[in-house]
Amino acid sequence: MGAGNTEIEASGGSSSWWRKLFTVKSMDSLQVDISKSEMKRSLTYVDITAIGIGAIIGTGIFVLTGNAAALKAGPAIVLSFIVSGIAAATAALSYSEMACMIPVAGSAYTYAYATMGELAGWIIGWDLILEYLVGAATVSVGWSGYFTKFLNTSFGLYIDKKWTSAPFKFANDEFQLTGDYVNLPAIAISLVITLLLSFGVRESARVNTVMVLIKVVVVLLIIFACIGSIEPKNYTPFMPPNEGTFEKFGVTGMFSAATTVFFAYIGFDAISTAAQEAKNPQRDLPIGICGSLIICTILYIAVCLIMTGVVPYRDLAPGGEANAAPMSIVIAKTGMGWVNVIVSLGILFGLASVMLVMLLGQPRIFYAMANDGLFPAFAARIHPRFKTPWATTMISGISCAILGGILPVDVLGEMTSVGTLFAFFLVNIGVIILRIKRPDLERKFKVPLGPYVIPLFGAALSLLLIATAPAATIARLFIWMAIGLVIYVFYGRTHSKLNNPHLARYQNEKFTEHDF
C-alpha cells in the first residue's frame, strides 16, 4: 500500500459502522507518523535500559511483596515471582518484536491498532491509561510510607497519620472511611515528578539514571546486609497450607500472590512509549526491554529469599493489615539502624524513579491517541521549547496526585496488575496476527520458537493470572473499560482520523504553533 493511498486497509474500506470498529492502521501511515514526529531522538540504549530498571524496581518489591508473602503465599512468594516473571518475559519478547517494527510513542495501543483494529486499539489504550496512571499513584503511596518512616527514624520527626494515609480503605467487599484526611506526601511527590517531566525527556532520563544507580546499590545493600540474619526455620512451611479461601496460602494463594507481585515487573513496557525518542529503536529497544527484565528478576528472587528468611512471613504485615514499608521491618529485625536510614533514603529515590517512568509513559499514550483523533487535539500538543507533551503530562500528574492522596496501596496495586496483564495478553496476540498478516515486514528482533509457542503461552498465562485476582478488582477493571467504551462510542469513533478522513485536516490545523 503506497503512502499516498488511504490509511484504511482492506478490513476497514467499508463505510459500515461495524466494519469501522475493526479498521486497521496501515504500516505506511505509522511510518508517516514517525517522520512527522516533533519529539527529539536523544535516548541511548543505556538510557532506555535505565528507564526499564527505573520503572521495574520499586513498589512491587519494596511495598507489595511483604503483603503478598504475609497474607497469601508465605515463603512461596519466591515461586510467585517466578510465575509472574515468566509471564512478564513472554510479554517482553513480544514487546521487543513489536517495538522494532512500530517504534512510535503509543506502546501496546499502537500495536493493537495496527493488528486488530481501532476498537481493540482504543480498548488497550484506555487500559494503558489505567496501568500507568494508577500504577504511578500506587508508587506515590509507597513513597509516602517510606518518607514518613525515614523522617521518624532519621530525624525523630512525626507526621500525623491523618495527613499521610488514605481516607478510604476496601474491606468486606466495600469501601469504608478510615477517619484520615488525605495522603499529603503522595500528592507532593506526584506534583514534583510532573514538573520535572515537563522540562524534557533527556533531562528526566539523566535524573532517572542517577536514581536507578542509587536504587540498585540499595537493593544489593539489603541483600548483603541482611543475609547473615537469615533463620532457616522461617522457610518452614515453605508453602503454608490453604486456610479455606482462594487467596489464603496453598497453591491458589501462591498464584494469587503472583498476580499481586506482578506489579513488580510492570515498567519494561513503558520503554516502548519512548520509542520515538530513542536514537536507534530497532537495536536499543530490545536491549532495554529484555536487559532490564533479566537484571530485575535476579534481584527480586534474592530479595524475596532474604525477606522471608529474616522475618517470619506473617510479621511482614503486622495484625494482618497491609503495610506500605515491609523492608523497614526486615532491616529492623537485623538491629542495624544505620542500614535502615541508608536503605530508606535509597528507596525514596528508587520509588521516585518508578513514578518518573510511569508518568513519562502516560502522556505519550494520550499523545498517540490524540494524534489519531481518538482524544481531543490538545492532548497532542508538544511544547515548542521542551518538546514534551506538556498538557497531558500536567493532567496525568494531577490525576495521579488525587488518586494517591485518597486511595490505599492495595486497591491501587491490584488494579494496576490486572490492567497490565490485559495489555500483555493483547500484545502477545498482536505478534501472532502480524506474523500472519504481514510476514513481509522487516523484524530486527523476533520472538524465538516461531509465532505461536511463546505468544500463546504468554497470553494464556496472563489470562490465568487475571482470573486469580480478587473479584472486586476484576469488577473495577470491567467498570473502567465500560467507561472507556462509552467515551469511544460518543467521541473517539466520530472523531477518528482513520475512519473520518474529512476531519483529519481540520484536526491537524486546529492547533498550530501560534496556539502555544
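This one's a predicted model, so the numbers in the text were calculated from it and none came from an experiment.

Our next topic: the packing of helix 5 (residues 77–101) against helix 16 (residues 453–467). Relative orientation of the contacting elements helix 5 and helix 16 amounts to 135 degrees, with a least axis distance of 9 Å. The angle between helix 5 and helix 16 places the two elements in the oblique class. Judged by the twist between their axes, the crossing of helix 5 over helix 16 is left-handed. For the pair helix 5 and helix 16, the contacting residues are V83, S84, I86, A87, T90, L93 and S94 in the first and I454, P455, F457, G458, L461 and L465 in the second. Residue composition of the contact of helix 5 with helix 16, by class: nine nonpolar, four polar and no charged.

Before going further, it helps to examine the side chain of T420. Considering the arrangement of structural elements, one finds T420 in helix 15 (residues 409–437). Residues contacting T420, with those up to four places away along its chain left out, are D127, E131, F262 and I266.

A contiguous nonpolar patch, built from L191, L195, F199, M394, I398, I402 and I406 and spanning about 600 Å² of accessible area, is present on the exposed surface. Going through the elements one at a time, helix 8 (184–198) and helix 14 (390–406) are the ones with two or more residues in the nonpolar patch. The dominant element in the nonpolar patch, judged by the number of residues it contributes, is helix 14, at four residues. With respect to the helices and strands, L191 occurs in helix 8.

With that out of the way, let us pick up the side chain of S144. In this fold, S144 is placed in helix 7 (residues 118–155). Of note is the side chain of S144, whose polar atom sits 2.6 Å from the side chain of N183. Among residues more than four places away in sequence, those in contact with S144 are T164, N183, P185 and A186.

Turning to the packing of aromatic side chains, a few remarks are in order. If you walk through the whole model with that rule in mind, you get 11 aromatic pairs. By way of ring pairs, the aromatic residues W122, W126, F366, F375, W480 and Y488 are connected into one cluster. In this structure, K162 is placed above the aromatic ring of Y181, and the distance from its NZ or CZ to the ring centre is 5.5 Å.

P237 follows T236 through a cis peptide bond whose omega is -5 degrees. Along the chain, P237 turns up in the loop between helix 9 (201–226) and helix 10 (250–261). Unlike most non-glycine residues, F249 shows phi in positive territory, near 65 degrees. Here F249 shows up in the loop between helix 9 and helix 10. On the basis of relative accessible area, F249 is assigned to the buried category, the value being 0%. At L449, a position not held by glycine, the phi torsion is positive, near 65 degrees. On the secondary structure map, L449 appears in the loop between helix 15 and helix 16. Residue L449 is classed as exposed on the basis of its relative accessible area of 63%.

Turning our eyes to something else, we now look at the nonpolar core. One finds I57, F62, I77, F81, Y95, Y146 and F268 to be the most contacted residues of the largest nonpolar core, which totals 148 residues. In terms of residue count, helix 13 (residues 337–371) provides more of this core than any other element does, 19 residues in total.

Relative to each other, helix 3 (residues 45–56) and helix 11 (residues 281–310) sit at 40 degrees, their axes nearing to 8 Å. Where helix 3 crosses over helix 11, the two elements pack in a sense that is right-handed. Touching Y45, I48, T49, G52, I53 and I56 of helix 3 are R283, D284, L285, I287, G288, S292, L293, I295, C296 and Y300, all from helix 11. In terms of residue class, the contact of helix 3 with helix 11 is built from 10 nonpolar, four polar and two charged.

What follows is about helix 3. An ideal rise of 1.5 Å per residue puts 16 Å on 12 residues; helix 3 measures up with 16 Å between its terminal C-alpha atoms. Within helix 3, 10 of the 12 residues are buried, which leaves it mostly tucked inside the rest of the structure. Along helix 3, the residues that are buried comprise D47, I48, T49, A50, I51, G52, I53, G54, A55 and I56.

This part takes up the pattern of salt bridges. One pass over the structure, following the stated rule, counts five salt bridges. The shortest N-O distance in the salt bridge between E97 and R435 comes to 2.9 Å. A residue pair is termed long-range when its members are at least 10 positions apart, and E97 in helix 5 and R435 in helix 15 qualify at 338 residues. The partner of R314 in a salt bridge is E243, with the nearest N and O atoms 2.5 Å apart. Of this pair, R314 sits in the loop between helix 11 and helix 12 (326–334) while E243 sits in the loop between helix 9 and helix 10, and the two are 71 residues apart along the sequence. Classification of R314 as partly exposed rests on a relative accessible area of 42%. Exposure remark for E243: the relative accessible area of 44% places this residue in the partly exposed category. Each of the salt bridges in this network shares a partner with another, and the network as a whole consists of E97, R435 and R443.

The next point concerns the environment of V311. Take V311: it is sitting in the loop between helix 11 and helix 12. Taking relative accessible area as the criterion, V311 reaches 2% and is therefore assigned buried. C-alpha separation for the pair V311 and G66, spaced 245 residues apart in sequence, amounts to 10.0 Å.

Taken as a whole, the chain shows an average pLDDT of 78; of its residues, 81% reach a score of 70 or greater. For the chain, helix 18 (residues 501–510) is the element with the lowest average pLDDT, namely 53, and helix 16 is the one with the highest, namely 89. This model gives residues 1–14 a pLDDT under 50, and the stretch forms 31 contacts once residues within four places in sequence are excluded. Per-residue pLDDT stays below 50 along residues 506–516; that stretch engages in 15 contacts with residues further than four places along the chain or on separate chains.

Take the environment of V354 next. Relative to the helices and strands, V354 is located in helix 13. Each C-alpha atom, one on V354 and one on I53, is 8.5 Å from the other, the two residues being 301 residues apart in sequence.

Definitions and cut-offs
- Residues numbered from 1 in each chain as written.
- Predicted model: local features only at pLDDT ≥ 70, side-chain atom pairs only at ≥ 80, totals over all residues.
- Heavy atoms only, no water.
- Axes fitted to C-alpha atoms, helices over the stretch in contact; angles between N-to-C directions.
- Helix = DSSP H or I, 4+ residues; strand = E, 2+ residues; numbered from the N terminus.
- Parallel < 35°, antiparallel > 145°, perpendicular 65-115°, else oblique.
- Left-handed = near helix turned anticlockwise from the far one by under 90°.
- Contact = heavy atoms within 4.5 Å.
- Nonpolar A, V, L, I, M, F, W, Y, C, P; charged D, E, K, R; others polar.
- Patch = residues over 30% accessible without salt bridge, like charges linked within 9 Å, V, L, I, M, F, W, Y side chains within 5 Å.
- Areas by Shrake-Rupley, 256 points an atom, 1.4 Å probe, with all protein chains shown as cover.
- Salt bridge = Lys/Arg side-chain N within 4 Å of Asp/Glu carboxyl O.
- Polar contact = N/O pair within 3.5 Å; in protein donor to acceptor, adjacent residues only side chain to side chain.
- Phe/Tyr/Trp six-rings, centres within 6.5 Å; stacked < 30°, edge-to-face > 60°.
- Lys NZ or Arg CZ within 6 Å of the ring centre and 35° of its normal.
- Buried < 20%, exposed > 50% of the residue type's maximum accessible area, 1.4 Å probe, protein only.
- Core = buried A, V, L, I, M, F, W, Y, C linked by side-chain atoms within 4.5 Å.
- Expected span 1.5 Å × (residues − 1).
- pLDDT = per-residue confidence, 0-100.

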